[in-house]
Amino acid sequence: FFSLCGHIPAILEPNARRNIVNLPNYLKNSFSFPQKKKKKMAVSDHRHHRSLIPSFVYSSPVSTNKLFGLNDSASQKSTSNASSVSGDGGTALQRFAIPAPSEKIAMYSPAFYAACTAGGIFSCGLTHMAVTPLDLVKCNMQVINPAKYKSITSGFGVLLKEQGAKGFFRGWVPTLLGYSAQGACKFGFYEFFKKYYSDMAGPEFATKYKTLIYLAGSASAEVIADVALCPLEAVKVRVQTQPGFARGLSDGFPKFVKAEGFAGLYKGLVPLWGRQIPYTMMKFASFETIVELIYKHAIPAPKEQCSKNLQLGVSFAGGYIAGVFCAIVSHPADNLVSFLNNAKGATAGDAVKQLGLWGLFTRGLPLRIVMIGTLTGAQWGIYDAFKVFVGLPTTGGAAPPPIKN
């Protein structure tokens, strides 16, 4: 029957012709197409189908090979000769695998900065929200009577007794939104300013003075990030340290504005800069340096030859160590911010008089070291994991060779 209907392909639409390719061989051979036209259509149809499939459904060649136990030559052979697939399970899986597209996010392109911004949202917003109970105890230790909150354990006990288990997550909404906005600006603008200052310095000086570029780029980014964070940080501290003030952001924000005006939301901006700019400079510069030292002295293989899991482990370790330094450097300003946002009309002089210089540097410091160390390590881990997910390399690595004149 099919041999008598050889004239049918001449009147079929192109889409119908394309479907004939999927027929069994003993039927497909009965149809006759002009060889030149058939070959041209196969190429265009392949591109057409690839353009209609979302990029996230592609599997990368590396993951496909590992999943199906293929080497490069075998996977290439199965891809180029799909029509010879048999009915066994392993070969069927080879046919199912879709090779990843060749396009990548170009470094320092708009898509690159957008990816870094999104990674910053996830890394800062989620981690700060997760440690809300620790942050709540820390804030109360800083601004409430020290005799009431003598230590970390007693602080948790007092909160549990007075506010119940639900009280440990008071203020989580302004925490999530505020630090998501801050993380977007912090990581996105850091990558931008690091590239901008490196281009200004030139290749030789950018390599020679890379730590200064890390410091300048992170400081510039944090100035912008704190403008986004400050209003929500003010509401968060007031909600956490005054239990009767409000339940959360929805009722706390209008109450705060009614009491102190919109200008009151930025009352703590300068102390916030004093806390966050040194913290961020230490966070980025020490992280880049620590990661470079780990790859140089602790790992025998170059970064490019390390697995992604190992690279992400290095990111977490470097971030945790950097977080310890960050907590120590920024702690006095953190005490000051908590004091100013808790007391209406309070000044920095009032904080020094009440807390004392020693208390300004040490009150709540052990808890903050644990919190910030864990927080910073998790932030770098999540940030670099997101970069790997979208096809970008992890942050930091071995220093480039010095440029010779």
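Throughout, a residue's number is its position along its own chain's written sequence, starting from 1. With the structure being a predicted model, the display of local features is reserved for residues of pLDDT at least 70 and the display and counting of side-chain atom pairs for 80 or more, all residues being used for whole-chain, interface and lining totals. Water and hydrogen atoms play no part in the side-chain values, which are based on all heavy atoms of the structure.

1. Focus on the overall build of the chain
Secondary structure elements are taken from DSSP: a helix is a run of H or I of four residues or more, a strand is a run of E of two residues or more, and numbering for both begins at the N terminus. Along the backbone of the chain there are 16 helices and zero strands. Across the 405 residues of the chain, 43% fall into the buried class. In what follows, residue pairs with any heavy atoms lying within 4.5 Å of each other are defined as contacts. Relative to all contacts within the chain whose residues are 6 or more apart in sequence, the contacts with residues 24 or more apart total 76%. Carbon and sulfur atoms make up 66% of the accessible area of the chain, which amounts to about 21500 Å² in all. Here the term buried applies to any residue with accessible area under 20% of the maximum for its type, exposed to any over 50%, and partly exposed to those in between, with areas from a 1.4 Å probe on protein chains only. Under the convention used here, a 1.4 Å probe and the Shrake-Rupley method define accessible areas, while residue burial counts only the protein chains that appear.

2. Observations concerning the packing of aromatic side chains
The aromatic pairing rule takes the rings of Phe, Tyr and Trp, using the six-membered ring of Trp, and pairs them if the centres are within 6.5 Å, calling planes under 30 degrees apart stacked, those over 60 edge-to-face and the rest tilted. If you walk through the whole model with that rule in mind, you get 19 aromatic pairs. Ring centres of Phe 192 and Tyr 196 lie 6.1 Å apart, and the angle between their planes is 10°; on these two criteria the pair is classed as stacked. In this pair, Phe 192 and Tyr 196 are both assigned in helix 10 (residues 172–208), four residues apart and thus about one turn of the helix distant. Ring plane angle 25° and centroid distance 5.7 Å describe the contact between Phe 193 and Tyr 197, whose orientation is recorded as stacked. Here Phe 193 pairs with Tyr 197, and both are found in helix 10, just four residues apart, close to one helical turn. A residue is classified by how much of its surface remains accessible, and Phe 193, at 14% relative accessible area, is buried. Cluster of aromatic residues (ring-pair linked, three or more members): Tyr 108, Phe 112, Tyr 113, Phe 189, Phe 192, Phe 193, Tyr 196 and Tyr 197. In this analysis the charged atom, NZ for Lys or CZ for Arg, is taken to sit over a ring once it is within 6 Å of the ring centre and within 35 degrees of the ring normal. Its end group placed over the ring of Tyr 108, Lys 195 keeps NZ or CZ at 5.3 Å from the ring centre. The residue whose ring lies beneath Arg 238 is Phe 245, and the NZ or CZ to ring-centre distance is 5.6 Å.

3. Some words on the confidence of the model for the chain
pLDDT measures the predictor's confidence residue by residue and takes values from 0 up to 100. Looking at the chain as a whole, its pLDDT mean stands at 77, while 71% of the residues score no less than 70. Low confidence marks residues 30–34, where pLDDT is under 50. Its contacts with residues over four positions away, or in another chain, come to twelve contacts. A low-confidence stretch, residues 36–103 (pLDDT under 50), is modelled with 37 contacts involving residues beyond four sequence positions or located in other chains.

4. Digging into the side chain of His 331
Looking at the element boundaries, His 331 is found in helix 14 (residues 308–342). Relative accessible area serves as the criterion here: at 0%, His 331 is assigned to the buried category. We define a polar contact as two N or O atoms separated by no more than 3.5 Å, with the added condition that, inside protein, one atom must be a possible hydrogen donor and the other a possible acceptor, whereas residues neighbouring each other in sequence contribute only through side-chain atom pairs. Looking at His 331, its side chain comes within polar contact range of the main-chain nitrogen of Leu 365, at 3.4 Å. Residues within four places of His 331 in sequence aside, it is in contact with Gln 142, Leu 360, Phe 361, Thr 362, Arg 363, Gly 364, Leu 365 and Arg 368.

5. What about empty space enclosed by the protein?
Vacant regions in the atomic arrangement are exposed by a probe of water-molecule size rolled over the atoms. Think of a 1 Å grid over just the protein atoms. A cavity is a set of points where a 1.4 Å probe fits yet cannot get out, a pocket is an open set with protein on both sides within 12 Å along at least five of seven lines, and lining residues have an atom within 4 Å of a point. Grid points are joined across faces, edges and corners, and a volume is the space filled by probe spheres set on the points. Applying the stated criterion across every chain yields a total of two cavities of 30 Å³ or more. His 128, Tyr 179, Arg 275, Gln 276 and Ile 372 are, among the 17 residues lining the largest cavity, the residues nearest its centre. Those elements that place two or more of their residues in the lining of the largest cavity are helix 8 (132–143), helix 10, helix 11 (210–241), helix 13 (269–298) and helix 16 (365–389). Charged residues are taken to be Asp, Glu, Lys and Arg, nonpolar residues to be Ala, Val, Leu, Ile, Met, Phe, Trp, Tyr, Cys and Pro, and polar residues to be all remaining types, Gly included. Of the residues belonging to the lining of the largest cavity, the class tally is five nonpolar, four polar and eight charged.

6. Remarks on the pattern of salt bridges
We define a salt bridge as a side-chain nitrogen of Lys or Arg found within 4 Å of a carboxyl oxygen belonging to Asp or Glu. Tallying each qualifying case throughout the model produces twelve salt bridges. Here Glu 288 ties to Lys 194 by a salt bridge, and the two come within 3.1 Å at their closest N and O atoms. In this pair, Glu 288 sits in helix 13 while Lys 194 sits in helix 10, placing the two residues 94 residues apart along the sequence. Across the pair Asp 199 and Lys 195 runs a salt bridge, and its minimum N-O distance is 2.6 Å. With Asp 199 and Lys 195 both in helix 10 and four residues apart, this pair spans about one turn of that helix. Classification of Lys 195 by relative accessible area gives partly exposed; the value is 26%.

7. So, helix 7 (residues 110–130)
The length a helix should cover is 1.5 Å for every residue beyond the first. With 21 residues, helix 7 ought to run about 30 Å at 1.5 Å a step, and its terminal C-alpha atoms sit 30 Å apart, in line with that. Every buried residue belonging to helix 7 is among Phe 112, Tyr 113, Ala 115, Cys 116, Gly 119, Gly 120, Ser 123, Cys 124, Gly 125, Thr 127 and His 128, and all of these are buried.

8. Points about the environment of Met 129
Within the fold, Met 129 resides in helix 7. Its relative accessible area of 23% is what places Met 129 among the partly exposed residues. Between the alpha carbons of Met 129 and Tyr 179 there is a distance of 8.4 Å; along the sequence they are 50 residues apart. Leave out the neighbours within four places in its chain, and Met 129 touches Phe 169, Trp 172, Thr 175 and Leu 176.

9. Focus on the packing of helix 10 against helix 13
Lines are fitted to the C-alpha atoms to define the axes, a helix being fitted only along its stretch in contact, and any angle between axes, read from their N-to-C directions, falls within 0 to 180 degrees. Two elements in contact, helix 10 and helix 13, have axes separated by 13 Å at closest approach and are oriented at 55°. In terms of orientation, helix 10 and helix 13 fall into the oblique class. Considering only the axes of helix 10 and helix 13, their crossing is right-handed. Facing helix 10, whose interface residues are Tyr 179, Gln 182, Lys 186, Phe 187, Tyr 190 and Lys 194, helix 13 presents Arg 275, Gln 276, Tyr 279, Thr 280, Lys 283, Phe 284 and Glu 288. Note that the term roughly parallel is reserved for angles under 35 degrees, roughly antiparallel for angles over 145, roughly perpendicular for angles of 65 to 115, and oblique for everything else. Less than a right angle of anticlockwise turn of the near helix away from the far helix marks a crossing as left-handed, whereas a clockwise turn marks it as right-handed.

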